[in-house]
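Each chain, written out:
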Amino acid sequence: MRIIDLLNPKAIEINASVQTKMEAIDKMVSLHEDAGNLYDSAAYKEAILAREKLGSTAIGEGIAVPHAKSDSVKTPSLSAITLCEGVDYEAPDGRKSDILFMIAATPDGDLHLEILSRLMVMLMESDFCEALRNAKTIDEFLCVIDKKEKEKYPEIKQEETPKNESYKILAVTACPTGIAHTYMAAEALEKTAKKMGYSLKAETNGSGGAKNVLTRTEIAECDGIIIAADKNVEMARFDGKPVIKTSVSNGINKPEELINRIIDGKAPIYHEQGGASASSDDLEKESFGHKVYKHLMNGVSHMLPFVVGGGVLIALGFLIDTLLGNAVMPDGSANGAFGFTSFAASVPFWIGKIAFGFMLPILSGYIAQSIADRPGLLPGMLGGMIAANGYTFASMFENQNMVGDGSAVSGFLGALFAGFAAGLIVNGLKKVFAWLPKAMDGIKPVFLYPLFGTILVGALMCLLNPIIGTVNTAVSNMLSSLGATSQILLSIVLAAMMATDMGGPFNKAAYVFGTAAIADGNTWIMAAVMIGGMVPPIAIALSTSFAKRKWTDEEIKNGPVNYLMGLCFITEGAIPYAAADPLRVIPSCMVGSAVAGALTALFKVTCPAPHGGIFTFVVCEHPLLYIAALVAGSLVGALMLTLLKKDRQAK
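Remember, predicted model here, so these are calculated numbers, not experimental data. (Residues numbered from 1 in each chain as written. Predicted model: local features only at pLDDT ≥ 70, side-chain atom pairs only at ≥ 80, totals over all residues. Heavy atoms only, no water.)

Q: Kindly report on the nonpolar core, identifying the contributing residues and their values.
A: Counting residues in hydrophobic clusters, the biggest one holds 55 residues, and the most contacted among them are Met 303, Leu 363, Phe 412, Val 529, Met 530, Tyr 626 and Leu 630. It is helix α19 (residues 523-546) that contributes the most residues to this core, 12 residues altogether. Every residue in contact with Leu 363, bar those within four places of it in the chain, is listed here: Gly 299, Val 300, Met 303, Phe 412, Ala 415 and Leu 416. Listed in part, the 32 residues of the second largest apolar core include Ile 99, Val 121, Phe 141 and Val 144. (Core = buried A, V, L, I, M, F, W, Y, C linked by side-chain atoms within 4.5 Å. Buried < 20%, exposed > 50% of the residue type's maximum accessible area, 1.4 Å probe, protein only. Helix = DSSP H or I, 4+ residues; strand = E, 2+ residues; numbered from the N terminus. Contact = heavy atoms within 4.5 Å.)

The following block contains the structure:
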């Protein structure tokens, strides 16, 4: 298969008439649609615009390559236009773009990525681009591409370089979608290095996996490594080597500068287990808020398996006790040992409790690791453990069994503080011990940083635990003492947040708040959070089932799956529909979730399990009313969505 196999003549327009970037995008999307490459052009356009928000896909020299992966793509394909005047596509060199290719890729697939990478490489050659500009017809345009590809790739070989060749400079390139910029950065670095008289090998971490993978021998013999990536790549293998980390766009636009920094010895030594890490490019400053969010999400993502697994097992213990009739005393009062009055219930209950107990140490540990790399893990986890148990200096002196002070348990707030404090403290220690001789580099990350970091974080948390614990207790008591009206309002807000971005920052913030509240005993909050995440997929499924005129054939076909996803508390099933029509789908889902959340508070429903959807309703208080709230919220969301959606156009 060659490039022209992905480029239908119907998807090409020579000297197209467009005046703006948006008009160019609309034109190329319509060409894809005319060629029959798409299931849903609106959804694909949304995916293109979402990619553009990450940064312009213009690469300079008059070229732009917008691209996106989407379920709305029927087959991997290209569309292309040339322009007489060019449009401002926000290129890094400020030049207007007059050659534009739009890549439509399916979420899976591998072969087409290798083919498309050839086009990206060919576009780096000025004579090829000039020939495309001068093409007068579509046939001539295709001939230019075919001729160049046959010339540059007469036979696509697996091995184009000798196996034993050593490389002076290595590179790894990667972009979020792994389609275009990954390969263009690799080509730019390799070509520039060749012109400068150096040998460079680039590994591409594309959507189809890593290609041209760097070997141990090559890494050992190279002078340095350039990481031009906008996503995480495997870094442990570069321990002890000079490494520069920068964006993939700089790999395309500033290859000579990056190579010179390696050759001039200006790249810092990367240490996987601590010490000086690879520097980030000075031109790419990350905002403070984004850094905090990134570190927090690293902790949350590692914490969630413990919360979900432990929480569901605890709920299972409750369920078994309920089924065995052990949840109440003979006089009808609640059994204080609910969850472990029988062997069958106590096994999952206690295993779940142990797993759940790791929640706060894992949260704080991985926040610290995100900030300070592996040396931050131990101090961070220790800080989370102290926060969870309420250890103070006084409790240490008062007993030998290390029983914490219940009033000083700082909980989720303490774990957050401990994680960020541990990361900053370990980073500070790296600077404090920077004066030690190089021979000590190996001992610093495994001895000095963990030792001093642990004692400093431990002492700090024992000192501040009573203060943070007081705040945590006040927040917990405030939530517990909220009146009916306040509980309804908070439930509305949290449930609506779950439907706002369906897996994004708002959704995660609401879910984390709910799991933290479970640890403090405020299980009514999790009831609102869970039902808020269940409503969107079910509302969409209802609308696609009973208002088929509002949806495309593909959306109707996939709609019933959302019944199961919603019932299992998997909000992500609604994302494709929200992406295709966000202005109608998202508000409808938010209203439906808000109604369901309000009803859970009104019905005084509680949920002790942090995940599981309908399968955990049996361990909730007032399960039948919980189901009624879910049905009501889903119907409201589906009705609003059906009223707002326009009838789909007949094709």
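Moving on, there is more to tell.
Q: Break down the packing of helix α4 (residues 126-134) against helix α5 (residues 138-152) for me, with residues and values.
A: Angle between the axes and distance between the axes: these two values describe a pair of packed helices. Look at α4 against α5: their axes get within 8 Å of each other, and the N-to-C directions meet at 165°. With respect to α5, the axis of α4 lies roughly antiparallel. In this structure, the crossing between α4 and α5 has a hand that is right-handed. On α5, the residues touching Asp 127, Phe 128, Ala 131, Leu 132 and Asn 134 of α4 are Glu 140, Phe 141, Val 144, Ile 145 and Lys 148. (Axes fitted to C-alpha atoms, helices over the stretch in contact; angles between N-to-C directions. Parallel < 35°, antiparallel > 145°, perpendicular 65-115°, else oblique. Left-handed = near helix turned anticlockwise from the far one by under 90°.)

Q: Got a sec to walk through the pattern of salt bridges? Specific residues and values, please.
A: Side-chain pairing between opposite charges can occur once the charged atoms of the two side chains come close. Applying the stated criterion across every chain, the model contains 15 salt bridges. For the salt bridge of Glu 218 with Lys 201, the shortest nitrogen-to-oxygen distance reads 2.9 Å. On the criterion of sequence distance, the pair formed by Glu 218 in helix α7 (residues 216-221) and Lys 201 in strand β8 (residues 200-206) is long-range, its members being 17 residues apart. A single burial state applies to Glu 218 and to Lys 201, both of which are buried. Of the charged contacts, one joins Lys 645 and Asp 581 as a salt bridge, the two residues approaching to 3.2 Å between their closest N and O atoms. One end of the pair, Lys 645, is in the segment after α24 (623-644); the other, Asp 581, is in the loop between α22 (575-580) and α23 (582-602), and 64 residues separate them in sequence. Asp 581 matches Lys 645 in its accessibility class, with the two residues each being buried. It is possible to trace a salt-bridge network through shared partners that takes in Glu 125, Asp 127, Lys 148 and Glu 151. (Salt bridge = Lys/Arg side-chain N within 4 Å of Asp/Glu carboxyl O.)

Q: I'd like a rundown of the packing of α19 against α23, residues and numbers included.
A: Where α19 meets α23, the closest approach of the two axes is 8 Å, and the angle between their N-to-C directions is 140°. The angle between α19 and α23 places the two elements in the oblique class. Crossing hand, α19 versus α23: right-handed. Contacts between α19 and α23 involve Ala 527, Ala 528, Ile 531, Gly 532, Val 535, Pro 536 and Ile 540 on the former and, on the latter, Val 585, Cys 589, Gly 592, Ser 593, Ala 596, Gly 597 and Thr 600. Split by residue class, the contact of α19 with α23 holds 9 nonpolar, 5 polar and no charged. (Nonpolar A, V, L, I, M, F, W, Y, C, P; charged D, E, K, R; others polar.)

Q: Quick rundown of the environment of Leu 624? Include the residues and the values.
A: Counting through the fold element by element, Leu 624 comes out in helix α24. Leu 624 sits in the exposed class, given a relative accessible area of 71%. Considering only alpha carbons, one finds Leu 624 and Val 605, 19 residues apart in sequence, at a separation of 9.6 Å.

Q: Would you mind going over unusual backbone geometry in detail, with residue names and values included?
A: For Glu 61, which is not a glycine, the phi torsion comes out positive at approximately 60°. Following the sequence through the fold, Glu 61 ends up in the loop between β2 (58-60) and β3 (63-64). With a phi angle near 60°, Glu 90 is a residue other than glycine that sits in the positive phi range. Its place among the elements puts Glu 90 in the loop between β5 (77-87) and β6 (97-105). Its relative accessible area of 52% is what places Glu 90 among the exposed residues.

Q: For helix α17 (residues 484-500), give the residues involved together with the corresponding values.
A: Along its 17 residues, α17 runs 24 Å from first to last C-alpha, staying within 8% of the 24 Å computed at 1.5 Å per residue. Directly beyond the C-terminal end of α17, a positive phi value near 50° is found at Met 502. (Expected span 1.5 Å × (residues − 1).)

Q: Help me get a handle on the packing of aromatic side chains, residues and values and all.
A: With the rule as written, the count across this model stands at 8 aromatic pairs. An angle of 45° between the planes, with centres 5.8 Å apart, marks the rings of Phe 306 and Phe 358 as tilted. With a gap of 52 residues between them, Phe 306 in helix α10 (residues 288-323) and Phe 358 in the loop between α11 (343-357) and α12 (359-372) connect regions that are remote in the sequence. Taking relative accessible area as the criterion, Phe 306 reaches 27% and is therefore assigned partly exposed. In this structure Phe 358 comes out as partly exposed when scored by relative accessible area, which is 39%. Ring plane angle 75° and centroid distance 5.7 Å describe the contact between Trp 551 and Tyr 577, whose orientation is recorded as edge-to-face. With Trp 551 in the loop between α19 and α20 (553-558) and Tyr 577 in helix α22, the pair connects residues that are 26 residues apart, well separated along the chain. Residue Trp 551 is classed as buried on the basis of its relative accessible area, which comes to 0%. Members of the aromatic cluster, joined through ring pairs, are Phe 433, Tyr 449 and Phe 452. Geometry around Tyr 89 places Lys 21 over its ring, the cationic atom sitting 4.9 Å from the centre. One residue, Lys 645, lies across the ring of Trp 551, its end atom 4.5 Å from the ring centre. (Phe/Tyr/Trp six-rings, centres within 6.5 Å; stacked < 30°, edge-to-face > 60°. Lys NZ or Arg CZ within 6 Å of the ring centre and 35° of its normal.)

Q: How would you summarise the confidence of the model for the protein if you had to cite specific residues and measurements?
A: Any region with low pLDDT has predicted coordinates that should not be read closely. Of the residues in the protein, 85% have a pLDDT of 70 or more, and the chain-wide mean is 81. Across residues 273-284 the pLDDT falls below 50, and counting only partners more than four positions away or on other chains, this stretch makes 35 contacts in the model. In this model, residues 331-336 is a region of pLDDT below 50 whose contacts with residues beyond four sequence positions or in other chains number 9 contacts. (pLDDT = per-residue confidence, 0-100.)

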